[in-house]
Amino acid sequence: MSESLLRVENLHTRFDSDQGTVDAVNGVSFTVDRAEIVGILGESGSGKSATAQSICRLEAPGKIVDGSITFAGRELTTAAEATLCRLRGNSISMVFQDPTETLNPVFSVGEQIAESVRIHESSGKQRLLDFLGVSPFRDRSAWENARERAIELMEQVGIPNPDASVSSFPHELSGGLRQRAVLATALASEPALLIADEPTTALDTTTQADILRRLRSLRDEQNTSILLISHDIGVIAQTCDRVVVLYDGQVMEAGPVERILTAPKHPYTRALLSCSVRNSDADERGHSAMARPQDHTGSHEGCPFADHCQHVTDACRSGPIQTTEAASDHRLACVEAPVSEAQSVSEQQERPAADGGQQHDTA
Ligand SMILES: Nc1ncnc2c1ncn2[C@@H]1O[C@H](COP(=O)(O)OP(=O)(O)OP(=O)(O)O)[C@@H](O)[C@H]1O
Ligand code: NI
């Protein structure tokens, strides 16, 4: 078995502010294999973006205070800025939630996509466009080639009429088209790993479904590994192979999407799923709104979900929660897992336990 493309181990990312210290990422571990789509699922404030930013080493003003991030066997937490720049220009691309922050309003989208192609081809030069504020395409033939590639990329991400839209400015495009253009710039370098932080959150459901479908084709056709961040279970279910459920900067449960979404074992995951099924019913086990961790500055003894968990015991509050293997490739951070399992089966009448009701089988 080859080494995972991305391996995050015991990552701790901290923000220091006047209000105190926020442990935004508090011991997170997971891997992304080649040609795999892994989702990070969690509510607002659970540390999804801080995790993604740490992987790209764009965590400032946060600081990585512990743990390891390896990409293709290379340690990123201690890598030099020049190495990180090269990786970001070639191997790892990130798409942020708000495309207006990524696209420069004064250049056409075609030029910006073409510039990403050029950066990739000239292997890791500074982003001249941002840097100098001038178009790097003074040489006509260089522009023609890059423009052609930009049009291809625009087609790939579903921008209609790319021949015409290549000269459009960001403000001339709809939100959906802008987000597609951002995706095209991210794909220009043919990255081995694409990190997409809520890439479709602001978009209508048809556009969202289309973009998610294109992410899957990207994996199918180009073997791109994708880390997809979302608070939306539907998005994760449609797109991912595996999912990591975050709460208060910690992994509650992780495993194959189908398994986690149909037979969740962690009380938090189950609360999250039942909220999404009946999200109008905020009273559903009382978890909907109050499940959010209000105070990140306290100590981290015990399970962060303990105060909202109906299965809570003394052990949940008294020390670090061990992560156990509920099944092969299914991790769980819950001391009450066996009790929860019994509950889970009765709560989930629609499915005869997929694992035969025995959660402690071996890998
Ligand atoms: N620049 C910052 N300064 C101080 N605290 C921060 C900063 N950025 C994030 N945090 C804190 O870190 C925690 C995790 O934030 P993060 O943005 O990773 O959450 P998220 O899961 O991405 O949420 P959302 O779904 O709202 O994007 C939060 O408590 C947040 O307040
Ligand atoms: Ni976020």
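For clarity, every value in this text was computed on a predicted model and none was experimentally measured.

**Q** Please explain the overall build of the protein as it appears in this structure.
**A** Within the protein one finds 14 helices and 12 strands. Sorting the 363 residues of the protein into buried and exposed places 52% on the buried side. For the protein, restricting intrachain contacts to residue pairs at least 6 apart in sequence, the fraction spanning at least 24 positions comes to 65%.

**Q** Would you mind showing me how to read unusual backbone geometry here?
**A** The bulk of non-glycine residues show a negative phi, and the bulk of peptide bonds are trans. Cis rather than trans, the peptide bond between Ala-60 and Pro-61 has omega equal to 10°. Turning to its location among the elements, Pro-61 is positioned in the loop between α1 (48–55) and β4 (63–71). We note that Arg-57 has phi near 60°; this positive angle belongs to a residue other than glycine. Note that Arg-57 resides in the loop between α1 and β4.

**Q** Would you mind showing me how to read the sheet that holds strand β1 (residues 6–17) here?
**A** Hydrogen bonds along the backbone pair up the strands of a sheet, which may run parallel or antiparallel. Reading across from one edge, β2-β1-β4-β5 is the order of the four strands in this open sheet, with antiparallel pairing throughout. The open sheet has two free edges, formed respectively by β2 (20–32) and β5 (74–75), since each of these has just one partner strand. Across seven bridges, β1 lies against β4 in antiparallel orientation. Across the sheet, the residue bridging to Arg-7 is Thr-70, located in β4. Of the strands in this sheet, β1, β2 and β4 are in contact with α1, which crosses β1 at around 115°.

**Q** What's the story with the packing of aromatic side chains in this structure? I'm lost.
**A** Each aromatic ring pair is characterised by the separation of its centres together with the angle its planes make. One pass over the structure, following the stated rule, counts three aromatic pairs. Ring geometry for Tyr-268 against Phe-305: centres 5.1 Å apart, planes inclined by 70°, an arrangement best described as edge-to-face. Here Tyr-268 is found in helix α12 (residues 267–277), whereas its partner Phe-305 is found in the loop between α12 and α13 (314–318), with 37 residues between them in sequence. When sorted by exposure, Tyr-268 lands in the same class as Phe-305, which is buried. Of the aromatic side chains, those joined through ring pairs into one cluster are Tyr-247, Tyr-268 and Phe-305.

**Q** What is the right way to look at the pairing of β4 in this model?
**A** Looking along a regular strand, one sees the side chains alternate between the two faces of the sheet. Across two bridges, the pairing between β4 and β5 is antiparallel. Bridge pairing links Thr-70 to Glu-75 in β5. Joining the antiparallel neighbours β4 and β5 is a turn of two residues, in which Ala-72 adopts a positive phi near 50°.

**Q** Mind showing me how you'd approach helix α8 (residues 175–187) here?
**A** Residue pairs spaced three or four apart in an α-helix point in one direction, given the helix's 3.6 residues per turn. Here α8 is 13 residues long and its end C-alpha atoms lie 18 Å apart, about the 18 Å a rise of 1.5 Å per residue gives. Among the 13 residues of α8, 11 are classified as buried, and the element is accordingly described as predominantly covered. Here α8 has its buried residues at Gly-176, Arg-178, Gln-179, Arg-180, Ala-181, Val-182, Leu-183, Ala-184, Thr-185, Ala-186 and Leu-187.

**Q** Would you mind showing me how to read the pattern of salt bridges here?
**A** In a structure, side chains of opposite charge can pair up when their charged atoms sit close to one another. With the rule as written, the count across this model stands at 14 salt bridges. When the shortest N-O distance is used, the salt bridge between Arg-149 and Glu-152 registers 3.1 Å. With a gap of three residues between them, Arg-149 and Glu-152 both fall in helix α6 (residues 140–156), about one helical turn apart. The exposure class assigned to Glu-152 is partly exposed, which follows from its relative accessible area of 43%.

**Q** Just to check I follow, could you spell out the confidence of the model for the protein for this structure?
**A** Caution applies to low-pLDDT parts of the model: their predicted coordinates are not meant to be read in detail. Residues with a pLDDT of 70 or more make up 80% of the protein, whose mean pLDDT is 84. Low pLDDT (under 50) marks residues 124–131, which in the prediction has 17 contacts with non-local residues, meaning those over four places away or in another chain. Across the interface, the model reports ipTM at 0.99; the global pTM reads 0.86.

**Q** Is there a simple way to think about the site of ligand 1 in this case?
**A** Taken together, 14 residues lie near ligand 1, and Ser-44, Gly-45, Lys-48, Ser-49 and Ala-50 sit nearest. Within the side chain of Lys-48, a nitrogen or oxygen atom sits 2.8 Å from an oxygen atom of ligand 1. Between ligand 1 and Ala-50 there is a distance of 2.8 Å, counted from an oxygen atom to a backbone nitrogen or oxygen. Contributions of two or more residues to the shell around ligand 1 are made by β2 and α1. Top element by residues in the shell around ligand 1 is α1. It accounts for three residues. Of the residues in the shell around ligand 1, the class split is five nonpolar, six polar and three charged.

**Q** I tried to follow empty space enclosed by the protein on my own but got confused; where do I start?
**A** Any empty space left between the atoms is revealed when a probe the size of a water molecule rolls over them. Summed over the entire model, instances satisfying the criterion amount to five cavities of 30 Å³ or more. Here the second largest cavity is characterised by a volume of approximately 70 Å³. Lining the second largest cavity are 13 residues; nearest its centre among them are Cys-303, Cys-309, Cys-316, Cys-334 and Val-335. Class assignment for the residues of the lining of the second largest cavity results in 10 nonpolar, two polar and one charged.

Rules used in this analysis
- Each chain has its residues counted from 1, following the order in which its sequence is written.
- Written order determines the labels here, with chains lettered from A and ligands numbered from 1.
- In keeping with the model being predicted, local features are shown solely for residues with a pLDDT of at least 70 and side-chain atom pairs are shown and tallied solely at 80 or more, while totals for entire chains, interfaces and linings include all residues.
- Computation of side-chain values: all heavy atoms of the structure, hydrogens and water removed.
- Elements are defined by DSSP. Helices are runs of H or I of four residues or more, strands are runs of E of two residues or more, and each kind is numbered from the N terminus.
- The cut-offs for exposure are 20% and 50% of the maximum accessible area for each residue type, with area from a 1.4 Å probe on protein chains only; residues under the lower value are buried, those over the upper are exposed, and the others partly exposed.
- Throughout, a residue-residue contact means that at least one pair of heavy atoms, one from each residue, lies within 4.5 Å.
- Pairing between two strands is assigned when DSSP locates at least 2 bridges connecting them.
- A fitted line through C-alpha atoms represents every axis, and for helices the fit uses only the stretch in contact; the resulting angles, taken between N-to-C directions, go from 0 to 180 degrees.
- Within 6.5 Å between ring centres, the rings of Phe, Tyr and Trp (the latter by its six-membered ring) count as paired, and their orientation is classed by plane angle as stacked under 30 degrees, edge-to-face over 60, tilted in between.
- The span you would expect from a helix comes to 1.5 Å times its residue count less one.
- A pairing counts as a salt bridge when a side-chain nitrogen of Lys or Arg comes within 4 Å of a carboxyl oxygen of Asp or Glu.
- What pLDDT reports is the predictor's confidence in each residue, on a scale of 0 through 100.
- The rule for a residue being near a molecule or strand is that one of its heavy atoms must lie within 4 Å of it.
- Whenever two N or O atoms come within 3.5 Å, that pair is a polar contact, provided that in protein one can donate a hydrogen and the other can accept it, and provided that, for residues adjacent in sequence, both atoms are side-chain atoms.
- When residue character is reported, Ala, Val, Leu, Ile, Met, Phe, Trp, Tyr, Cys and Pro are called nonpolar, Asp, Glu, Lys and Arg charged, and the others, Gly included, polar.
- Grid spacing is 1 Å over the protein atoms alone, the probe is 1.4 Å, and a cavity is where that probe fits but cannot get out, while a pocket is an open set with protein on both sides within 12 Å along at least five of seven lines and lining residues have an atom within 4 Å of a point.
- Grid points are joined across faces, edges and corners, and a volume is the space filled by probe spheres set on the points.

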